[in-house]
Structures are given as C-alpha cells and as structure tokens.
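Observations on the three-dimensional arrangement
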Amino acid sequence: MRRVLHPDLPRFVSFGEALTDFVRVGGDTWRSSCGGAPWNLAVAMSTLGQLSAFAGAVSHDAFGQEIWQASQDAHLDMRFIQQLPHPPLLAMVHSLRPLRYDFIGDHSADLHFRPEGLPDGWRRAVRWAHFGSLGLAREPLASRLLAVASELKKAKVRISYDPNFRDRVMDARYDDTLEAMCRIADVIKVSDEDLRGLFRVTDHRSGLAQIAAWNPGAWLLLTRGAEGATLYRGHAESSARPPEVAVVDAVGAGDAALAGLLDSLMRQPDAGLPTHLARALAAGSLACTRPGFQPPRPAEVEALAAAVVPSDS
C-alpha cells in the first residue's frame, strides 16, 4: 500500500549549512547570530509564506541549539534538521570592510548530514530545492548534496543554485561542481564579485558568459550591490536599480533577494522578468533596513517593488 503523502510537507527545501556568525564589532567585542546562506534562504522563504525547510545538520551544543530554536521561530519544518553530536560550524568575521573571515569547523556537524534521514514522502512533495555555499565545497557533504541535486533534477524538481563564493574553499578544485550545478539549475544567482572569484578573472562578464553557455535556458540573476541587478532568461533580460532605503545592515541581503525571486517564480511563474526582478530587489533592499538577518514579509515586498527603478544595464 502506498503511504499517504503528508499535506504539510514543504514545497521548498534548502540544502547546505547553518552556522554561527561571529562579527567583530569593535576591539575585543563580537556579536553572534545564526546564519549560513542556505539557512537564511529557508527562513526568508518561510517568512514570505512558503512551506519551507532547511535540510542540514547542526551541533548539539549551545550554538546548535540556538539555530534549532531560531528555525522553530521561523516556522521551518523541523523534520529536515538533524542535530548531531559533532562540533559547530563557526564563521569568524574579523572585518566587514574589507571583508576578512575564517571558518572554524573541520569536522563540524554540517558535514555529517544524511539525506536518507529526511522524512518519508519529501521527494514527492518538494517542488523547488536549493543548493550552494559551503555545503557544496566541503567533503563529504558536497558529494552527497550533488547527488541529491542530480536525483531531484531527474524527478523534475526545480533547482536553484547560489555558489556564494568563498576564496579559501572554492579554488580550482570547485570547478567541476560549479559547472555541474550551473548545468542542472533552473535558477542561478551570482554577484559580480562571485564571478570574478569563481572564474579567477578581472572582468565578471566573461564568467557570466560561461554560465550562459552552460545553461542558456536558466533564470540567471546577476547582482551588483548598489548598482542594481539584471535578470536574464535566454535572450531576454531586465535590469533595475534598488529603491533608496536607509541601510542598517547588509547581512543576508543577497539571500533575501534570491528568496524574493524564487517566491515570485513559485507564485506567478508567468510574470515578466521586470516583475520578478522588482520583487527580488525589493526583498534584498528590505533586508538591509534592519539589523542582522530579518527577511521581509510579502506585503512589504509588494509595496517596495513599486519603487524599483528600471535601468538600461
């Protein structure tokens, strides 16, 4: 007898790492917060009203427990988070301008995540799955996640990918993973800085051209900070500048922008490129108006999207 599919299983699942960010705020003072791009994205999608889950592993200690509680508070599906007796993954951000950081966690809990431990029926329920960041750059987790992404693609699940370049772990050894994920992704989000680092070039446009050659049919979101963003789909493209907001903290702005795009594609897949891009830029801008990572709600995104300014490039 076929098992009944639970109606509350998430339609969106973000795979990868959750970590604790320690940011130096002056002298010997550090501020800690829950983070990790895949976890941020899952939280943002939940805040936008999607049934969302973060699929990854966290530690049993105080750091992992804080992420566990924050995940509950964000209404993520807790059946997808594995709490394991391994050390936490920590990001030590020594400076934001210029950005200088170190990761602590050679044998951390995130690396021990087991996809086979996810709840029954999740593959039949999921419609979109996200991959990227450190989860695809550190073994043994990277191989497991790449296998899951490939299997889901064959099952016609939509795939999103944000490499979120990190120079110390995404060198030439990451090239094969970069190409594989770009070829199977339905949505790819990169910044100009990502492209320069991933392809080891000074002009981000050459990296952008390579991704387009690998996957000409993908939705490709290129962000350029305050200069705006461009959304590509085949030969079509739309560019815009973000609305003017009072910037408090840019933490997670890129994750919020991707969530705005994915939520728009899930809700109104036939909307035009300018509409999808406006929602992405509005979501990213709103995330900058509050301290830490506090993603926006749907009504806020829709209101600010009207203030997004189209541009030529």
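What you see is a predicted model; the values in this text were computed from it and never measured.

**As for the packing of aromatic side chains**
If you walk through the whole model with that rule in mind, you get 7 aromatic pairs. Ring centres of Phe15 and Phe113 lie 6.5 Å apart, and the angle between their planes is 65°; this geometry places the pair in the edge-to-face category. A residue pair is termed long-range when its members are at least 10 positions apart, and Phe15 in strand β1 (residues 12–15) and Phe113 in the loop between β7 (99–104) and α3 (122–125) qualify at 98 residues. As far as the burial class goes, Phe15 and Phe113 line up, both buried. Ring pairing ties together the aromatic residues Phe15, Phe80, Phe113, Trp122 and Phe131, which thus form one cluster. The ring of Tyr101 carries Arg166 above its face, with NZ or CZ at 5.5 Å from the centroid.

**Details of the pairing of strand β12 (residues 229–233)**
Burial within β12 is extensive, with 4 of its 5 residues counted as buried. Where strand β11 (residues 219–223) folds back onto β12 in an antiparallel hairpin, the turn is made up of 5 residues, including Gly225, whose phi is positive at roughly 65°. Note: β12 against strand β13 (residues 236–241), 5 bridges, orientation antiparallel. When the bridges of β13 are listed, Tyr232 appears paired with Glu237. Here β12 folds back onto β13 in antiparallel fashion, the turn holding 2 residues, of which Gly234 has a positive phi close to 65°.

**Notes on the sheet that holds β11**
Taking strand neighbours across the sheet as the criterion, the 10 strands line up as β5-β4-β1-β8-β9-β10-β11-β12-β13-β14 in an open arrangement whose pairing is mixed. Edge strands, defined here as strands with exactly one partner in the open sheet, are β5 (81–84) and β14 (309–311). Taking the axes of each pair of neighbouring strands and ignoring which way they run, one obtains an average angle of 20° across the sheet. Sitting on the sheet, helix α7 (residues 204–214) is in contact with β10 (187–191), β11 and β12, with an inclination near 170° to β11.

Reading the values: the criteria
- Residues numbered from 1 in each chain as written.
- Predicted model: local features only at pLDDT ≥ 70, side-chain atom pairs only at ≥ 80, totals over all residues.
- Heavy atoms only, no water.
- Phe/Tyr/Trp six-rings, centres within 6.5 Å; stacked < 30°, edge-to-face > 60°.
- Helix = DSSP H or I, 4+ residues; strand = E, 2+ residues; numbered from the N terminus.
- Buried < 20%, exposed > 50% of the residue type's maximum accessible area, 1.4 Å probe, protein only.
- Lys NZ or Arg CZ within 6 Å of the ring centre and 35° of its normal.
- Pairing = 2+ DSSP bridges.
- Axes fitted to C-alpha atoms, helices over the stretch in contact; angles between N-to-C directions.
- Contact = heavy atoms within 4.5 Å.

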